[in-house]
Amino acid sequence: MGESVAYATKQGGFDVGFGGLVDTENAKLSAFAHTIGQSIHGLLIQPGEGLGGRVMTTRAPGVTVDYLRSNTITHRYEREVAAEHMVSIAAVPVVVRERVRAILYGGFRAPTHVGSESLDALVTAAQRMKWEMTVRDEVERRLDEIFAENEMIAAGNTSGRQTLADRQEFAQLRVATRTGEHAAAGRRYDQIAASLIELRSADSEVHLTARELDVLAHVALGMRNARVAELLHLRETTVKAYVSSAMRKLGAGTRYEAVLRAKAAGFIP
């Protein structure tokens, strides 16, 4: 949220920027850029109230040139707005699967016509947040499926066992043949894996290294960097570097998006 607010504020040329995530009903302002006080910090925006509340209900961008005199919004938050010396304000909702998940604002401290460049900056930031939330939701859904599969297996139900086993075996094979008596086999495994990666990379125009694949295979199981580092006998900073490199190559904005793109490309099961 903070990065989105900072981006929209800078690119849109706003004097002040802020935003908040929507819970079951209200939006709590939690990210800010260039505020002069604390009046809007932590403020709860209710549906239908103020410009943000109107945006929540209409699910469409909104603009007011003179907030305190506007007759198209309620004035529940005018004291807080006045304390920040804001006059013209624009607000854009982040809508994911027809539900408002966040609101981004940009404000001017003098009467200003909010032009397309300023509004476009807010819309772009909102679209980025929408994508990130969509990816995060999908990853959480898939992790829930993994946990459900584990519970089913623990309960003696074999349904779903193969999918989970494939994921775990793939990750384990990336580790088990690297040391001790299996070191030679491990080197051969890496050679074969590298050939397969090269073939897959030729199809997808993405070139992942064996270590990047190692890391992604474990991230796909929901593991954090510290746990991946422990299993792969690497430093946590090294794991982070591999994750960042894989994200860049896959054109992903987050580690979870990288997993989804690697799955889609066939690099991991």
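Cut-offs applied
- Residues numbered from 1 in each chain as written.
- Predicted model: local features only at pLDDT ≥ 70, side-chain atom pairs only at ≥ 80, totals over all residues.
- Heavy atoms only, no water.
- Pairing = 2+ DSSP bridges.
- Helix = DSSP H or I, 4+ residues; strand = E, 2+ residues; numbered from the N terminus.
- Core = buried A, V, L, I, M, F, W, Y, C linked by side-chain atoms within 4.5 Å.
- Buried < 20%, exposed > 50% of the residue type's maximum accessible area, 1.4 Å probe, protein only.
- Phe/Tyr/Trp six-rings, centres within 6.5 Å; stacked < 30°, edge-to-face > 60°.
- Contact = heavy atoms within 4.5 Å.
- Salt bridge = Lys/Arg side-chain N within 4 Å of Asp/Glu carboxyl O.

1. Some words on the sheet that holds strand β2 (residues 27-33)
Taken in spatial order, the 6 strands of this open sheet run β3-β2-β1-β6-β5-β4, and their pairing is antiparallel. At either margin of the open sheet sits one strand with a lone partner, and together these are β3 (44-45) and β4 (62-64). In terms of strand pairing, β4 meets strand β5 (residues 88-96) through 3 bridges, oriented antiparallel. If you follow G62 over to β5, its bridge partner there is A91.

2. Some remarks on the nonpolar core
If you look at soluble globular proteins, the nonpolar side chains tend to sit buried side by side. Ranked by internal contacts, the top residues of the largest apolar core, which has 23 residues, are L208, V215, L216, L250, F267 and I268. Those elements that place two or more of their residues in this core are α7 (210-219), α8 (225-232), α9 (236-250) and α10 (255-265). Listed in part, the 21 residues of the second largest apolar core include V22, L43, L51 and A91.

3. Description of the packing of aromatic side chains
Overall, the coordinates contain 2 aromatic pairs when judged by the stated rule. An angle of 40 degrees between the planes, with centres 5.0 Å apart, marks the rings of F14 and F108 as tilted. Of the two residues, F14 sits in the loop between α1 (2-12) and β1 (16-22) while F108 sits in strand β6 (residues 99-108), which places them 94 residues apart along the sequence. The class for F14 is buried, based on a relative accessible area of 6%. We classify F108 as buried; its relative accessible area is 8%.

4. Section: the environment of K130
Note that K130 resides in helix α4 (residues 116-154). Accessibility expressed as a relative area gives 41% for K130, which makes it partly exposed. Sequence-wise, K130 and P93 are 37 residues apart; in three dimensions their C-alpha atoms are separated by 9.6 Å. When residues no more than four places from it in sequence are discounted, the contact partners of K130 are V94, V95 and V96.

5. So, the pattern of salt bridges
Applying the stated rule across the entire model yields 7 salt bridges. Between E49 and R76 there is a salt bridge, and its shortest N-O distance comes to 4.0 Å. Here E49 is found in the loop between β3 and α2 (50-58), whereas its partner R76 is found in the loop between β4 and α3 (78-83), with 27 residues between them in sequence. Note on R76: relative accessible area 47%, which makes it partly exposed.

6. Points about the pairing of β5
β5 sits mainly inside the fold: 8 of its 9 residues count as buried. Where β5 meets β6, 9 bridges bridge the pair, whose relative direction is antiparallel. Across the sheet, I89 pairs through a bridge with G107, a residue of β6. Between the end of β5 and the start of β6, which pair antiparallel, lie 2 residues, with R97 showing a positive phi angle near 50 degrees.

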